[in-house]
Amino acid sequence: MNAHAKQYRIPCPSSHIISVPAILLNEELICPQCNVRFLADFKDSLEYAEEQTERAAYQWLVIAISTAIVLVTAGLIAIVSQLFQ
Ligand SMILES: [Zn+2]
């Protein structure tokens, strides 16, 4: 994978998916299918949307693991306090 060849898929205002090389991000482009001018905004790209989805999944995983650790710790404290009664 060559970082310079990275392409972003950005929808035009009429929802045609245009493959945009990284160097043309934030430039005004013309959709080859409907000839409409639009700004190639990274935040509109499918790659950005996928990144947000992955981040949300990762945050969910962190919360799930943290909750599990808290529950296990609480369980251990309960067992230990039973032993020393
Ligand atoms: Zn278009």
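Residues numbered from 1 in each chain as written. Predicted model: local features only at pLDDT ≥ 70, side-chain atom pairs only at ≥ 80, totals over all residues. Heavy atoms only, no water.

Some thoughts on the nonpolar core
By size, the foremost hydrophobic cluster in this structure holds 10 residues: Y8, I10, C12, I18, V20, L25, L29, C31, F38 and A40. Of all the secondary structure elements, the ones that give two or more residues to this core are β1 (7-11) and β2 (17-21). When sequence neighbours within four positions are dropped, the list of residues in contact with C31 reads C12, H16, I18, V36 and F38. (Core = buried A, V, L, I, M, F, W, Y, C linked by side-chain atoms within 4.5 Å. Buried < 20%, exposed > 50% of the residue type's maximum accessible area, 1.4 Å probe, protein only. Helix = DSSP H or I, 4+ residues; strand = E, 2+ residues; numbered from the N terminus. Contact = heavy atoms within 4.5 Å.)

Some remarks on the coordination of the zinc ion
The zinc ion binds to the protein through C12 (SG), H16 (ND1), C31 (SG) and C34 (SG), with metal-donor distances spanning 2.0 to 2.3 Å. What the 4 donor atoms of the zinc ion show is an angle range of 103 to 114° at the metal, which sorts the shape as tetrahedral. (Donors = N, O, S within 2.8 Å, 3.2 Å for Na, K, Ca; no water. Tetrahedral: all angles 85-135°; square planar, octahedral: opposite > 155°, others 65-115°.)

Observations concerning the domain arrangement of the protein
Taken domain by domain, the protein holds domain 1 (1-44) and domain 2 (47-85). The gap between the C-alpha centroids of domain 1 and domain 2 is 39 Å. Every contact between the two is made by 6 residues of domain 1 and, on the other side, 4 residues of domain 2. In total, about 490 Å² of surface goes out of reach between domain 1 and domain 2, with carbon and sulfur atoms giving 49% of it. Along the contact surface separating domain 1 from domain 2 lie 2 salt bridges. Put simply, E47 and R9 hold a salt bridge, and the shortest N to O gap is 2.9 Å. Where domain 1 touches domain 2, the interface holds 2 residue pairs in polar contact (both at pLDDT 80 or more). Of the residues that constitute the side of domain 1 that touches domain 2, the class distribution is 2 nonpolar, 1 polar and 3 charged. (Domains from an automatic or database assignment. Buried area = accessible area lost by both parts, 1.4 Å probe. Salt bridge = Lys/Arg side-chain N within 4 Å of Asp/Glu carboxyl O. Polar contact = N/O pair within 3.5 Å; in protein donor to acceptor, adjacent residues only side chain to side chain. Nonpolar A, V, L, I, M, F, W, Y, C, P; charged D, E, K, R; others polar.)

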